[in-house]
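# Results of the structural survey
In case you want the letters, here they are:
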Amino acid sequence: MVEELLKIRDLSVAYSSMGSPPLRAVDHISLALNPGEVIGVLGESGSGKSTLALSILRLLAAGGRYESGEVVFRGRNLLALSESELREVRGKEMSMISQDPALSLNPVMRVGAQIAEVLRAHMGLSQRGVNARLEELLRSVGFDPPSQIATAYPHQLSGGQRQRIAITQAIACNPALVIADEPTSKLDAGLQSEILALLTEIRRRHGTTLVVISHDPTIFAGFADRMIVMYAGRIVEEGKTRDIFRAPMHPYTRALVQLSQRYFVGNVASRARFPIISGEPPGLSRHDAGCRFEPRCPDRMPVCAATDPQEVIAEPHRRVSCFKYDS
Amino acid sequence: MTANPGVAGPPAPRLRVCGLSKNYARRTGIGRKSLSIAAVHDVSFEIQTGKTFALVGRSGSGKSTVARCVARLESPDAGQIFFGGTDIAPLGGRDLRSFRTEIQMIFQDAVTSMNPRFSAEQVIEEPMLIQGLLSKNDRRNRIMDLMREVGLPLERIDGLATNFSGGQQQRLAIARALSVRPKLLVLDEALSALDLSSEAQIVNLLLDLQQVYSLGYLFISHDLSLVARLADEVAVISAGQIVEQGLTAQVIANPTHPQTVELLAPARSFQRSYSEMLGAAE
Amino acid sequence: MKYLGRRLARAFLLLLGVSALCFLFSEMAPGSFFDELRLNPQISPETIAALRVRYGLDQSLAVRYLRWMAAAARGDLGYSIAYNSPVAPLLWTRAKNTLLLTATATLLTWLIAVPLGVFSAASRGRLLDKAVAVGSSLLISIPEIVIAIALLALAVRTRLVPVGGMRSVSSEELSTWTAVKDVGQHMLLPTAVLVLASIAVVERHIRAAVVEVLQAPYIKTARGLGISRGRLLFRHVLPVAANPGISLFGFSLATLLSGSLLVEVVTGWPGLGPLLLDATLSRDLYLVIGGLMFSAVFMVAGNLIADLLLMASDPRIRAGEPDAN
């Protein structure tokens, strides 16, 4: 049994704003990450997956607040750290890549300087050391020669280049954990594969643990070792990626996997209707009794509307919250 | 003089684009805002009534330039565009206004084209007001019909469009476009910002609407695997030029240009991994 | 460079337009300098006519404007009838006093307002921020004239600072150092009024600019990478937040000459304010136009400097990017 790198226990996060009831975006979530694995977090927009990512690094937006739980990283509860202790973790031991590379880089700083900032904050390097490391890093993410790119401003780069710079920033200090929130969703099809290949390469070379968040299950195929599926602030299913795709258990997971079959080109009649999950995800402010997916669920039973399903361990490494598997 | 409505024969295609070219332009406007437009060269295609044509390429390939020319938001440097057999370049006055109702655009970020203080009703009503269509009462009824048709809950008729989810905002944009009974919708990356489940819902909606109204669609997208499921014909555009064009099934089955292969890569790699995963089970 | 050339050309055209409008409006304004003379029975109509010819006022508007422009190009702004002296040196002596006052006030305002704005943005919602907000609301809601009169009353009561003028009567006998000190003491009152009147606006703008950048996604990214608070503020936030600050600074440079006219009149500072007030009341045509042109040149130069600073601070503006925000 390997020591877990990160353990989230019973984490709840809510946003409150004046005049409206608090929105619980993360609702009693527990999760463990092993060193070196790639975890895919799957869910629609509004499922709380981005909040989960932000809450691990304690980067919640104003109004966000922890209601319960702990986030234990290498034996320390991050939620109990002081700002300065936290700064030693962020960027050095764990870091984040955000969705839109056009917005995640400072518009008036040269990209080389932005990466150097991270090195300077954590590595205790001399100016020459910073430059050498910067060059090495840029080369490793595919910028060759690196000198030209380092002096560019973000607006002079393409979307794919910007995202590679954002990744370089995140891995500059060789963190043990990198969280990537929709790292490819703003990119063209060809670039998506490029970025995923780069992340895979980083994991292979440094043994980095990756948490990748997406609404699109297809990017996890052949990429993530394990997947968790989120719905309305909860984890509804967790399992090995292969098992999730081969035999999804929760009706929501099944529906998402079905949606992904829209990528099967060539063997489907053109202009055939897509399989859909009808309806919209619920708001997060108030939940009636019962399963949150019940209103949209094709398999709903009388019990689903009345009671919240408990999590069951259906198989080894597999958990699901659905009455179909409640023995 | 290529299109003469008087000549007998098969009906003119809904839209015909012949040899469209637009050189790179950088327009400078008020307040130092400028808009740069990717160049396109010698683009030709047709869309029949009730059919879907997809123009696919990476960002900066010029696909949006074509869309903007078709909607007459830009004027081409060379080539002609015929809408229902009529050259759109010389249109003016009433003809231009009726052309503007018959062709409607839907963008990726629909909500940015909506007044943030407008309710759903006001958003849908706006084009009808501009065109001076219907009485107040009839408009209200039509708005409710449209909302039902695109699957928006009627109780949100007074809700602010900015409070809608991404999928609902796209529905709202579709309802607004439909309010003036267009014949062609230009969908410029209209599905790109949606998550997979909203995307599937909107796709089905578009398929249904096409059936009911014989709408023509010009789909602009970077996602070849998506439009492959929707389009009758597809063209792959790269650096402003169409590099591959044909019936969708043929292009997908036998991609000949590297750009087409690249655009299909994520779908192919998913298919491969997926079958590996299924295979691993046995 | 092309950008700079365009800006300069635009500035020149602007000045041309302002001068034309000045002439046009002065023509439209009722009355002239000679109206009072006409009422004086001891001055014959012939004398007045001769005076009109001497000052060129018998010519048509267009001719006067063209002549004035030709002279202005050589630095000659015409002749003041009331002071019986050329306008340019007259204005310049007073403008120096105005500049001394307003430059000092602007410098002080920014030296205080920028750190206040930055730190109240950085400590958003905390005590410092709230205290600054209350103070600035108060200052914004009090008109400049009220501040001036209140401070004036205070000064007169307490006799802590001299009121009126720029030097003590005996200042000619003073050594250089005491003379400087003397001027400084006389400046205290008008400077204080100007600083109090403008500090809140600057602080508000700076705070708003910094708050906006603090909420930007790239700042969140930088925080997530463990950049220290101080570095985050000074290296990552301020360079971006500088843009609106620079625009405002350009504007405050632009109003260096015209921003203090009222305060000068009220506190008796011998700057352009009292001079132009008298000139306007007595319809001393070229003096008024000269004063207006002086302010216009400053306005244009201030904006030009702001544009150059913006270019230096933001690579997107250098590149002529569409949307540099």
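Worth saying up front: this structure is predicted, and the values here are computed from it rather than measured. (Residues numbered from 1 in each chain as written. Chains lettered and ligands numbered in written order. Predicted model: local features only at pLDDT ≥ 70, side-chain atom pairs only at ≥ 80, totals over all residues.)

### A word on the overall build of chain B
Across its full length, chain B holds 9 helices and 12 strands. Relative to the 2.2 N^0.38 estimate, which gives 19 Å for 282 residues, the radius of gyration of chain B is 20 Å and therefore close to what a compact globule would have. Across its three principal axes, chain B shows a C-alpha extent of roughly 60 × 55 × 50 Å. Of all 282 residues assigned to chain B, the portion counted as buried reaches 44%. Considering only contacts in chain B between residues 6 or more positions apart, those separated by 24 or more positions represent 69%. (Helix = DSSP H or I, 4+ residues; strand = E, 2+ residues; numbered from the N terminus. Rg over C-alpha atoms; globule rule 2.2 N^0.38 Å. Buried ≥ 20, exposed ≤ 12 C-beta atoms within 10 Å, placed from the backbone. Contact = placed C-beta atoms within 7 Å.)

### Some points on the packing of helix α5 (residues 166–178) of chain B against helix α6 (residues 196–213) of chain B
Residues and elements named next belong to chain B. Running from N to C, α5 and α6 cross one another at 20°; their axes reach a closest spacing of 9 Å. Regarding the angle of α5 to α6, the classification is roughly parallel. Note that α5 runs across α6; the crossing there is right-handed. Across from G166, G167, Q170, R171 and I174 in α5, the residues of α6 making contact are S198, Q201, I202 and L205. Class assignment of the residues belonging to the contact of α5 with α6 gives a composition of 3 nonpolar, 5 polar and 1 charged. (Axes fitted to C-alpha atoms, helices over the stretch in contact; angles between N-to-C directions. Parallel < 35°, antiparallel > 145°, perpendicular 65-115°, else oblique. Left-handed = near helix turned anticlockwise from the far one by under 90°. Nonpolar A, V, L, I, M, F, W, Y, C, P; charged D, E, K, R; others polar.)

### Re the interface of chain A and chain B
Counting from both sides, the interface comprises 33 residues of chain A and, opposite them, 39 residues of chain B. Counting residues per element, the ones that place at least two in the side of chain A that touches chain B are α8 (189–206), α9 (241–246) and α10 (251–260) of chain A. At 4 residues, α8(A) tops the list of elements feeding residues into the side of chain A that touches chain B. Grouping the constituent residues of the side of chain A that touches chain B by class yields 13 nonpolar, 11 polar and 9 charged.

### Examining the confidence of the model for chain C
A low pLDDT score tells you not to read the predicted coordinates there in detail. Residues and elements named next belong to chain C. Per-residue confidence for chain C gives a mean pLDDT of 84, with 96% of residues at or over 70. Within chain C, no element has a lower average pLDDT than helix α2 (residues 35–39), which sits at 72, and none a higher one than helix α9 (residues 217–224), at 93. Considering only residues more than four positions removed or in separate chains, one finds that residues 321–325, a stretch of pLDDT under 50, has 9 contacts. ipTM for the predicted complex: 0.88, alongside a pTM of 0.84. (pLDDT = per-residue confidence, 0-100.)

### A look at the sheet that holds strand β4 (residues 40–47) of chain B
Residues and elements named next belong to chain B. What the 4 strands build is an open sheet, ordered β4-β1-β6-β7; its pairing is antiparallel. The open sheet is flanked by β4 and β7 (86–87), the only strands paired with a single partner. Strand direction decides the pairing type here: strand β1 (residues 15–22) and β4, joined by 5 bridges, are antiparallel. Each residue of the ladder has a partner; that of K22, found in β4, is V40. Contacts from helix α1 (residues 63–70) reach β1, β4 and β6 (78–83), with the element oriented near 120° to β1. (Pairing = 2+ DSSP bridges.)

### Quick word on the sheet that holds strand β4 (residues 64–73) of chain A
In any sheet, the strands associate via hydrogen bonds between backbone groups, in a parallel or an antiparallel arrangement. All names here are of chain A. What the 4 strands build is an open sheet, ordered β2-β1-β4-β5; its pairing is antiparallel. Two strands lie at the open edges of the sheet, namely β2 (20–33) and β5 (76–77), each paired on one side alone. As judged from the 2 bridges shared by β4 and β5, these two strands associate in the antiparallel manner. If you follow V72 over to β5, its bridge partner there is N77.

### Considerations on the interface of chain C and chain A
Between chain C and chain A, the contact holds 18 residues from the first and 24 residues from the second. Top contributing element to the side of chain C that touches chain A by residue count: α9(C), with 6 residues. Its residues assigned to classes, the side of chain C that touches chain A shows 8 nonpolar, 5 polar and 5 charged.

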